[in-house]
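Breakdown of the fold
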Amino acid sequence: MKVGESGNVELLPLVSIFCIVIGCIGVILNTHYLDKIIMLEFLTGGLIGLIVSFYYLDVAILTSIVEPVSTVILLLGSLKYIYIKRSRRRYSSKLPVLGK
Amino acid sequence: MSLNITSIAGKFYGYIPFGDIVLYVTEFSAISFIVAIFFTLVVYFTKPEKQLESQIGGFDTLNYVSLEELKIRRLMAILCGICTAFAMLTGDLFNYALFLALIGITNIGIVAAVKKEWVLNAAYYYGLIAMISTLPLFGGAALILAKTGTLSILELAKKPYDLLFQKILYAAGVVGETGVAPFYAAKAEMFRAPGAPYILMIHLSSLLIVIRTAEILLTI
Amino acid sequence: MDIVISTLYLGYILLIFGTLGVILGPERRDPFVRLLNIEIPALGVMLIFLAYNHTLALMTYIAINSLIVLVFIRTIIRKEELEA
Amino acid sequence: MDAVLLLIGVISFVVGLRVFLTKNRVQRLLYLCCLNFAISALIALYIKSPMGGVVAAAYFIGSTLSSNAIAHTIGKVQRLEGRGEW
Amino acid sequence: MDIGRLWNYISRPEIVPRLFALFLCIIMIVEFFVPTTYNEDQLYPKYPPQSQVLKSSLAPYDRGGEPLKTPADIKTQYPQFEPLRGRITAYLTPPAIWISHKTLYFGTTIVSTPGGILDEILYYTRGLDTILESLTLLVSFMIFSWLYLHRERVE
Amino acid sequence: MELSSIKYVIDALAYSLYAFLVGGLLLGLHRKIVARIQGRPGPPVIQYILHTIKFYFKEITFPITAGNPLYLFIALMSIMVWMSALYLGVVFNTSLLILMGLYVLQKIVEHGCGLSSGSPYGKLGGVRSVFSAAAEIPLFTVIGTIYLLTKSLIIEDIIRYQEIHGPIIFQLPFAAFAFFVLLLSKAPNSPFAIVKDKSIVSGYMTEHFGLLESLIMIADGIAWFVLLWIFIAVFIGPLLVSDPLLTLVGMVVLTFLISLLCALTPLLTPNHSVMIQIIISVLALVDLLRRIIVG
Amino acid sequence: MNEVPYNLLWCILSLTLGGFVGLAYSYNKYVKPYVEGNIDRWGLISGILGGVLFSIPLPYNINYPLSLFLLGIPLGMRPGYGRVELILGVSIAVLGYLIRGLIGR
Amino acid sequence: MDVVQHMFNPTVFVGFVVGILSLLAIAYQRSDIHTLILTDVVECAMLVIIAAVGTDLAEALILPGLVVGLAEFLAVSEILIQKNKLKKKGRKITKLFEEFLAVEEPKIDRDIDHPKMEILYSASRFISLLLVIYGAFLTGFTGGAVMSLGLLFYLLAQGITSKGISSEDIKDFWEAIVGFSGIMWALWIILGFVGFYLFPDHYVIFLLIAGGALALKVGSKLGLIGDLKF
């Protein structure tokens, strides 16, 4: 990637890009909600790293503050969703018994 | 003024500058503006009709529009009318697109307050179309900006640009946002809802917008 | 300049793969899975904003995106409840 | 300086791969935490200014909070699914 | 197939968005193969990405000009209608000036406090756009809140 | 100064009276011809004007379902639309686009007329008029093609163009056809006249009676005159427009043709009517695109 | 800007008025709804007179409105009546017009 | 400008690809909610195409477009919910943030001291305060969005942690906030927009008013979404 003046390889962009690529594949391929959210977290970490390597620190700070918020929203939603689905499944599994 | 505008929309009367966005008044736009404002006034003063709904095997029923529903729908209708009126005057492509987006959302608002399933159904699908069509609308405007470096209709009219496909994209966006003919099928569901004067505004806005779009597409 | 181009292309990859994931991804019948997949194109858009140095737009989009997610989750859950 | 950077880089790569490959959700979360630490360290080292420290701290706090939230949710989901032990 | 039945089918509201999407898709596919060109002579040009980083404290949005003294040099469509052209861009609030002296990395924050190129475009040169955008937000929020507050209303 | 302005007012009123009389007589003729072809004696030619005058002196009440003042205004609006179309188009020869705008406004008037009364029949008529707004799409393509040919939409310029190059109808036969379909859809009893279908009583005019109906009928008479005049002016040009008497003859011929078509074709259902119009508009659009691309 | 065709306006106006007169007259006179082959005397007279008057030049071109008024009487008669009279009158008018045109040349 | 010119073509290309793919997906989709979700991708394509222009103008066009997109989603999704609700006959009174709370946990035999979701209890106030202050500092659309996020998060956390909060007169409060937001809108039009053209000399004041009013408008309105805990 980018080679700095002092000769050492800048690792942050490299790691961030790695995180983003892996995270992208991970979010798509995983099917459980929590797995997906974990991978999304991973992806967001990469995004923040990339923003920092662009030297926009205020954006990075804002993103790192907002990120837990959106994660919490997703988590609460998924929790409720799983609950609803479970209760529905329980409800519907009784129906064939009644049908018989 | 450039010949293009006067040979399409009639005499050129002047412009109102707001920075980069310049509203201009031609014969056509002045007439449309007056018409839209006039209808808005009429709609403001009109009480909604009591719709007679015939029942099979029973007495016919009168559909009333309740006061709170009337208030929100009248507000939406008036906003829609004012936006239509100013969309007739605007001289900037992106601004026009925004007027269209606003008209789209007020159209949804006019019908969304009716608590009937089929009306809400139609409103929902119409809303989806309005949202989808932001892509061609704003995208088309952005492509025109990229290609010519300007968004002002007055500037675009001065030079001949080859903008055929961008124009088609833009027109498709307009079609979606105001829902002309192919989508009247979906809108007719909405038009059957009670509250005549407000629903009339939907029709008025979309038809005036279509003509204005034809003018813009011919001009640029 | 190198990092700009690589970010841009990363954004493209995220956008296209994310869209493909939304459309064809595994278990896409589940609206919640689809919603989580939506986040990838959104991140792609963010990367493109970053590459173009539209930082204010980026900031707004980051804030707005979580609001959009909230609205969607509300809709999905309410719909699921009503269908239950 | 160089060696530290390199070490953190290698750790982050390894941990990133582990996050991707591990099946167990709790372990995955653990690796994620580790990766977040690595990234905040890298951020602090990348920006040669006190502001870098601030960003690293903000990111550290934010990621810790969300990891905590995820951990909590994992527990709840496991209890919902009837696997009480966690 | 009976053409009348086809016509009846496409007049159903559920079908219409899908048809519209398909229609739009076809248009976009056609558009896709048409080469688009980029006019270099754009309004409000931006500097190349990352060219200002670590050089100016207003990182990506430094458009020149001194606060309250000299207006910035920006390219607008109708300079004759804009007596304040470039002055809003150059204006910075006192806290923003303070931050800009302290650090090089907070350009976005500094610029988005009043004063800055986007504020100039959003409030001054293209102010009408912003009115409409915020009006759209207001309107859709009104619709939302009306529907929400009256959700238990029975017809 | 004052005298001349009084003269202008008198001129304007006289022209609208002329347009109404001609339009009314032509509509009466239309009805007569249709009746003749169907083997009925049919009413006298002056029947339309007679009806209008009869309704004009009838008393007026408002139904309890009506939404006032829209119910009242819409009839006035109807006459206003066509009188302004008459002045702007026929007298001042302004842009074709404005005339199309006024034509479109007519649709809105029909719709509002049906809606504001609250009657189910009126509402159905109004919704059908919304449906038939599909007829306006060919209009825009027609405008586009004409603009491509003449580089102007001002009627004066179009007429001047035809003085040099001959009638447009020979150069743009398809556009003329599309416009003719539009005229057809405005005529009563035509295949596209779903708005005034007898199965929905009087369509949008069901609840408008007495004075209001007579106003709408006056507007319809003027509309018929104006539309025929536009067709003649845009597609046949100075050959007929230069002399009012020749224009009159052209109008009679056109009315005769339209009546023949109306009498010989069945009324389509709303969906099918709209779809046929859409097909025509798509063809016109293809024609327009071909002209743009080929040049 | 187009001038108002006043001469045509008078013509059309008198035609319509003639139609009204004819209608009122025929309604007063005939009770049966639809009769073929009946020729009304006054209708015939006015038709022929109108046809003849059409091509006789009078001051201020007053002949056209007058003749059209007379032609309008059979035109406006109730259905089934006044058909032959109208055709006769119109053909006379056309004939007279053509003859006058030929002589005038 | 040279770099942006090179970036333009591939970006527009990608925007078109995303648009085409998502539109195709919508064309094949039968479910309402999926269509709504896919519409978000269409919006992404729109943003990418606008961003491709790469000037300050393009950014100014993107910025409020985001807010508009959100607003439309808000309205349309509420219509979807209402529509589905009308289909159901026996409906109960529901609360907006109910979807996030009230997860009834199944009975377990042992009493585990479950760790709380720390972010909702201890950090919520701090994070939301930070976001609101930062948003107030930013002003404009960006500030409004950030501010609203802070408010929303605070109200959400409060609603979840203390389930007892319910007020009957929330309706008045809601209308008051919406009215406040409307007044702010009017303020920014009258003072912010018209003021620039009428009194160009005092532009600094109008700039501050415009930015502040817009931020308050957007922030108060969107933050209100979090306030539905009755």
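Labelled according to an unreviewed UniProt entry, chain H appears under the name DUF2105 domain-containing protein, originating from Methanothermococcus okinawensis.

1. A word on the nonpolar core
Residues Val52 of chain A, Phe39 of chain B together with Trp82, Leu96, Phe179, Phe225 and Phe235 of chain F are the most contacted members of the largest nonpolar core, which totals 445 residues. If one sorts the elements of this core by residue count, helix H10 (residues 211-236) of chain F sits on top with 20 residues. Once you skip the residues sitting within four places of it in the chain, phenylalanine 235 of chain F turns out to touch Val142, Ile146, Gln162, Pro167, Ile168, Ile169, Ala175, Ala176, Phe179 and Ile230 of chain F.

2. Some thoughts on the side chain of aspartate 11 of chain F
Inspection of the secondary structure assignment puts aspartate 11 of chain F in helix H1 (residues 2-37). The class for aspartate 11 of chain F is buried, based on a relative accessible area of 11%. Only 2.5 Å separates the side chain of aspartate 11 of chain F from the side chain of tyrosine 6 of chain G, close enough to count as a polar contact. The contact partners of aspartate 11 of chain F, leaving out residues within four places of it in the chain, are Val4 and Tyr6 of chain G.

3. Description of the packing of aromatic side chains
Think of a pair of aromatic rings as described by two things: how far the centres are apart, and how the planes are tilted against each other in angle. Across all of its chains, the model carries 45 aromatic pairs over all chains by this definition. Through pairs of rings, three or more aromatic residues link up here, namely Phe18 of chain B, Tyr124 of chain E together with Phe193, Phe196, Tyr197, Phe199 and Phe206 of chain H. We note lysine 54 of chain F situated over the ring of phenylalanine 55 of chain F; from NZ or CZ to the ring centre the distance is 5.2 Å.

4. Looking at the UniProt feature "transmembrane region" (unreviewed entry) in chain H
Residues and elements named next belong to chain H. UniProt records the feature "transmembrane region" (unreviewed entry) for residues 6-28, 35-54, 60-81, 119-137, 173-197 and 203-224 in the present numbering. Helix makes up 100% of residues 6-28 and strand 0%, with an end-to-end C-alpha separation of 35 Å. Annotated as residues 35-54, this span is 85% helix and 0% strand, and its ends, taken at the C-alpha atoms, are 30 Å apart.

5. A closer look at the layout of surface pockets
Computed from the structure, the second largest pocket encloses a volume of approximately 1600 Å³. Taken together, 46 residues make up the lining of the second largest pocket; nearest its centre are Val252 of chain F together with Leu15, Leu68, Leu71 and Val90 of chain G. Those elements that place two or more of their residues in the lining of the second largest pocket are H1 and helix H12 (244-264) of chain F together with helix H1 (6-29), helix H3 (63-75) and helix H4 (83-104) of chain G. For the lining of the second largest pocket, the residue count by class is 38 nonpolar, 4 polar and 4 charged.

6. What to know about the pattern of salt bridges
Between side chains of opposite charge, pairing is possible as soon as their charged atoms come close. The full count for this structure, using the stated rule, is 20 salt bridges over all chains. In this structure, arginine 73 of chain B engages glutamate 69 of chain B in a salt bridge whose closest nitrogen and oxygen atoms are separated by 3.2 Å. One end of the pair is arginine 73 of chain B and the other is glutamate 69 of chain B, both in helix H3 (residues 67-89) and 4 residues apart, which spans about a single turn. Lysine 75 of chain E serves as the salt-bridge partner of aspartate 41 of chain E, at 2.3 Å between the closest nitrogen and oxygen.

7. A closer look at the packing of helix H1 (residues 11-29) of chain A against helix H2 (residues 25-46) of chain D
Their axes nearest at 9 Å, the elements H1 of chain A and H2 of chain D cross at an angle of 150 degrees. Compared by their axis directions, H1 of chain A and H2 of chain D come out roughly antiparallel. For the crossing formed where H1 of chain A meets H2 of chain D, the hand is left-handed. Seen from H1 of chain A, the contacting residues are Leu11, Leu12, Pro13, Val15 and Cys19 of chain A; seen from H2 of chain D, they are Leu35, Ile39, Leu42, Ile43 and Tyr46 of chain D. Here the contact of H1 of chain A with H2 of chain D is composed, by residue class, of 10 nonpolar, no polar and no charged.

8. What about the side chain of serine 100 of chain E?
Tracing the backbone through its elements, the reader meets serine 100 of chain E in helix H4 (residues 94-102). The class of serine 100 of chain E is buried, set by a relative accessible area of 14%.

9. Notes on empty space enclosed by the protein
Across all of its chains, the model carries 13 cavities of 30 Å³ or more by this definition. Of the voids in this model, the largest cavity is the one considered here, and its volume is about 240 Å³. Looking at the largest cavity, it is lined by 18 residues, and the ones nearest its centre are Thr44, Glu67 and Ser70 of chain A together with Glu39 and Asn65 of chain C. Those elements that provide at least two residues to the lining of the largest cavity are helix H2 (33-53) and helix H3 (57-99) of chain A together with helix H2 (31-51) and helix H3 (55-83) of chain C. The dominant element in the lining of the largest cavity, judged by the number of residues it contributes, is H3 of chain A, at 6 residues.

10. Digging into the interface of chain E and chain H
Counting residues at the interface gives 68 residues for chain E, matched by 80 residues for chain H. Between chain E and chain H, roughly 7100 Å² of surface is buried when both sides are summed, and carbon and sulfur atoms account for 73% of that area. Contact with chain H buries area across many residues of chain E, yet Tyr38, Tyr123 and Phe141 of chain E alone supply 12% of it, more than any other trio. Counting every contact that joins chain E to chain H gives 3 salt bridges. For the pair chain E and chain H, the number of links is 13 residue pairs in polar contact (both at pLDDT 80 or more). Those elements giving two or more residues to the side of chain E that touches chain H turn out to be helix H2 (15-32), helix H3 (87-90), H4, helix H5 (107-112), helix H6 (117-125) and helix H7 (127-149) of chain E.

Criteria and thresholds
Residues numbered from 1 in each chain as written. Chains lettered and ligands numbered in written order. Predicted model: local features only at pLDDT ≥ 70, side-chain atom pairs only at ≥ 80, totals over all residues. Heavy atoms only, no water. Core = buried A, V, L, I, M, F, W, Y, C linked by side-chain atoms within 4.5 Å. Buried < 20%, exposed > 50% of the residue type's maximum accessible area, 1.4 Å probe, protein only. Helix = DSSP H or I, 4+ residues; strand = E, 2+ residues; numbered from the N terminus. Contact = heavy atoms within 4.5 Å. Polar contact = N/O pair within 3.5 Å; in protein donor to acceptor, adjacent residues only side chain to side chain. Phe/Tyr/Trp six-rings, centres within 6.5 Å; stacked < 30°, edge-to-face > 60°. Lys NZ or Arg CZ within 6 Å of the ring centre and 35° of its normal. UniProt positions renumbered as here; feature names shortened; annotations may be inferred. 1 Å grid on protein atoms, 1.4 Å probe; cavity = no way out; pocket = protein on both sides within 12 Å on 5 of 7 lines; lining within 4 Å. Points joined across faces, edges and corners; volume = space filled by probe spheres on them. Nonpolar A, V, L, I, M, F, W, Y, C, P; charged D, E, K, R; others polar. Salt bridge = Lys/Arg side-chain N within 4 Å of Asp/Glu carboxyl O. Axes fitted to C-alpha atoms, helices over the stretch in contact; angles between N-to-C directions. Parallel < 35°, antiparallel > 145°, perpendicular 65-115°, else oblique. Left-handed = near helix turned anticlockwise from the far one by under 90°. Buried area = accessible area lost by both parts, 1.4 Å probe.

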